[in-house]
Every structure is written in structure tokens, then in C-alpha cells.
Amino acid sequence: MKKMLAFAMAAAMALSLAACGGGGAASSNKGGTSASNPPAASSTPAASSTPAASSTPAGTPDAVTTLEPGILHMSTNAEFPPYEMLDDSGNPTGIDVEVAEAIAKKLGLELKVDNMGFDAALLAVQNGQSDIAMAGITVNEERLAVMDFTDSYATGVQVVIVKEGSEVTMDNLGDFTIGTQLGTTGYIYASYTPENGGYGEDHVIGYETGAVAVQALISGQVDAVIIDNLPAQSYVEANAAAGLTILEGTWVEENYAIGVKKGNEELLNAVNGALNELKADGTFQSIVDKYITAS
Ligand code: GLN
């Protein structure tokens, strides 16, 4: 979709500007025009997301330093099925959790999942309170400025959920009130001004979780919810009686990766090496296939 491409580019540019501006706030481009445009220096973040080679030979894994010896702490927000959710016993499960378990095993570590809010999961890894963050986290320039990422392991497609029979379309979203999960790229991009490809903050409400945003749609507080495709499908199915549907088309397409504290190259390389081994030996795909059945 051409419009979406234009939107994505506008969003990327806005993110570059936000990153350059140094304000650090999530949506610092409010007001649209970039009065003091800095020179085009920092539009390309350090290429730390593509380290050269695996540092984890088969057999005895290299000892990698983690917060707690022998443990790999993963911060997450277990509200994002099928990537992370709680099972019937209240334990975190899902693609991200199983991939992290396999990575930990390759590194000779035991995985410990720390479940918290989405924003908190990102902050935890930035502040050195967790070793890795996995939460279907989209890589974007704003985040690359404050944390490092492994290679991408999935494509995330954000979609729009509406009530069946709704007059909301992909093209008139800006005329309505949109629910999102706070801190997510859906929230950030939708909040941009229309000149920057969004709908303006007045049109967007951020909720603590995607599930709460969907409840707000059902109860009529918002007219649409922007959220990643797989959680969207799961929420629509879980609320079948409410008559929800996903609009045809893609709102934005993104890449998910594992977040690591900025500058911790040793851990980044180790985790990235393990991730790439899991991709190469088929383990990664077999985990995905457990949770996502081709339709
Ligand atoms: N992919 C989106 C983001 O990174 C949403 C992730 C989530 O809600 N867990 O912002």
C-alpha cells in the first residue's frame, strides 16, 4: 500500500528527528515542523545489531557475564499472545519465552522470566535490571538510541480491529478515537501529528495492555484498536461474542528483535550467536510452528 509506505517513511523520519533532537521523549515531534534540524549525522545508529559471528561454539558454551551468575533474566510483558502470555498456571509461555529458554540453554544459563508492563520491560534492560528484553519488541531508531538489538527474528504486522459493521476504514481512522497499548509503536506512531503520518494525540488513548484496549473497543470508549496482527487475532477470537473484526490491510510492518543493554557487546554477540544457531538448526521454526498454525 503506497499510503502505508509513505506513512512508514514519515514515521521513520520523525523518529530520526526525535532521536537527533535529544529530547528523549517518546513523541517529541509534537507541533510538526522541525525548527532546528540538526545535520544528518545520527540517522544511522551504530550497526551493533549485526555482529559478525557466533561466540558460542558447540559443546561447552563460553561463560557470558549476566546479572546473576548462571541465570539469564528476560524482562517481558506476558500480554502479547502468541509471543508471550501466561498459561493456565500463571507461568509465562509463548514463542519469545521458548526461544529465550533455548538461547539460555545454549549459553549454559537458566532462564528467568520477569513479567512486567511493556514500558517497564524495555526500561529494565536499558537500566541493567534484566539481561534481555523480549516482548515482540519492534526495532526502531528511537529504541536503537537507548538499547541494542540482536538480528530480527520475526516480522510484525500491525492491524486495526473494529466492531463488525463499523464505518471505520484504514483511510478514515483519523476521524475516530483509537485505542492502543501504551508505549508500543502503535501508540507512538498513531499519536504523531497528521503532518507526520499520525492522527494526533487527541485521537489516541493508550491503555496498560492490548487486552484492556480491546475491552475499551467493546464498551465503545474507542472506535478502533491498533495492535500487532497475531495478538489481534487472538483477542478477536477470545471475544467472539462481541463481534470484532480486523480491517483488511496492513497499518505498518515492522521487525521484532531481542533487546540488550546498550554497549553490552559480549552479551549481545552471545545471544545473537545463539539465536542464529537456533534459526539455522530448525529449533526456532519448530517453536514458531507450535504456536502459529498456517491458515
Ligand atoms: N511490536 C510493538 C512494539 O514493539 C508492540 C509490542 C507489544 O505490545 N508487546 O511496540
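Residues numbered from 1 in each chain as written. Predicted model: local features only at pLDDT ≥ 70, side-chain atom pairs only at ≥ 80, totals over all residues. Heavy atoms only, no water.

Chemist: Give me the lowdown on the pattern of salt bridges, citing residues and values where you can.
Modeler: For the structure shown, the criterion picks out four salt bridges. A salt bridge links Lys290 to Glu98; the shortest N-O distance between them is 2.7 Å. Linking Lys290 in helix H9 (residues 283-291) with Glu98 in helix H2 (residues 95-106), this pair joins segments that are 192 residues apart in sequence. The residue Asp148 makes a salt bridge to Lys262 at a minimum N-O spacing of 3.4 Å. On the criterion of sequence distance, the pair formed by Asp148 in strand E6 (residues 147-163) and Lys262 in the loop between strand E11 (252-261) and helix H8 (265-280) is long-range, its members being 114 residues apart. Judged by relative accessible area, which is 4%, Asp148 ranks as buried. (Salt bridge = Lys/Arg side-chain N within 4 Å of Asp/Glu carboxyl O. Helix = DSSP H or I, 4+ residues; strand = E, 2+ residues; numbered from the N terminus. Buried < 20%, exposed > 50% of the residue type's maximum accessible area, 1.4 Å probe, protein only.)

Chemist: So what about the site of the ligand? Which residues, and what values?
Modeler: Close to the ligand lie Phe80, Phe118, Ala135, Gly136, Ile137, Thr138, Arg143, Gln181, Thr184, Thr185, Asp228 and Tyr256, which account for all nearby residues. One of the side-chain nitrogen or oxygen atoms of Thr138 is found 2.8 Å away from a nitrogen atom of the ligand. Between the ligand and the protein, one listed contact pairs an oxygen atom with a backbone N or O atom of Thr185 at 2.7 Å. Relative to its free-state accessible area of 300 Å², the ligand is covered by the protein chains to the extent of 99%. Because more than half of its atoms lie within 2 Å of the grid, the ligand is assigned to the largest cavity. Among the residues forming the shell around the ligand, the class breakdown is five nonpolar, five polar and two charged. (Near = heavy atom within 4 Å. Polar contact = N/O pair within 3.5 Å; in protein donor to acceptor, adjacent residues only side chain to side chain. Areas by Shrake-Rupley, 256 points an atom, 1.4 Å probe, with all protein chains shown as cover. 1 Å grid on protein atoms, 1.4 Å probe; cavity = no way out; pocket = protein on both sides within 12 Å on 5 of 7 lines; lining within 4 Å. Sits in = over half its atoms within 2 Å of the grid points. Nonpolar A, V, L, I, M, F, W, Y, C, P; charged D, E, K, R; others polar.)

Chemist: Residues and numbers for empty space enclosed by the protein, please.
Modeler: Summed over the entire model, instances satisfying the criterion amount to two cavities of 30 Å³ or more. Along its surface, the largest cavity is lined by Asn77, Phe80, Phe118, Ala135, Gly136, Thr138, Arg143, Gln158, Gln181, Thr184, Thr185 and Asp228. Grouping the amino acids of the lining of the largest cavity by side-chain chemistry returns three nonpolar, seven polar and two charged. Reported here for the second largest cavity is a volume of approximately 50 Å³. What lines the second largest cavity is Phe80, Gln158, Gln181, Thr184, Gly186, Ile226, Ile227 and Asp228. With three residues, strand E9 (residues 224-228) is the single largest residue contributor to the lining of the second largest cavity. Split into classes, the residues belonging to the lining of the second largest cavity amount to three nonpolar, four polar and one charged. (Points joined across faces, edges and corners; volume = space filled by probe spheres on them.)

Chemist: Explain the packing of H2 against H9 residue by residue, including any values.
Modeler: The packing of two helices is summarised by the inter-axis angle and the distance between the axes. Contact geometry for H2 and H9: axes closest at 9 Å, N-to-C directions at 155°. The pairing of H2 with H9 is recorded here as roughly antiparallel in orientation. As for how H2 packs across H9, the hand of that crossing is right-handed. Residues Ile95, Glu98 and Val99 of H2 form the contact with H9, whose own contacting residues are Phe284, Ile287, Val288, Lys290 and Tyr291. Looking at the contact of H2 with H9 residue by residue, the classes come out as six nonpolar, no polar and two charged. (Axes fitted to C-alpha atoms, helices over the stretch in contact; angles between N-to-C directions. Parallel < 35°, antiparallel > 145°, perpendicular 65-115°, else oblique. Left-handed = near helix turned anticlockwise from the far one by under 90°. Contact = heavy atoms within 4.5 Å.)

Chemist: If you had to explain the pairing of E6 to someone new, which residues and values would you point to?
Modeler: Summarising burial for E6: 13 of the 17 residues are buried, a large majority. Note: E6 against E11, nine bridges, orientation antiparallel. Bridging across to E11, Gln158 finds its partner in Val252. As paired elements, E6 and E9 share four bridges and run antiparallel to each other. Bridging from a neighbouring strand, Gln158 pairs with Asp228 of E9. By the bridge criterion, three bridges tie E6 to strand E10 (residues 244-246) in an arrangement that is antiparallel. Counted as the bridge partner of Ile161 is Ile246 from E10. (Pairing = 2+ DSSP bridges.)

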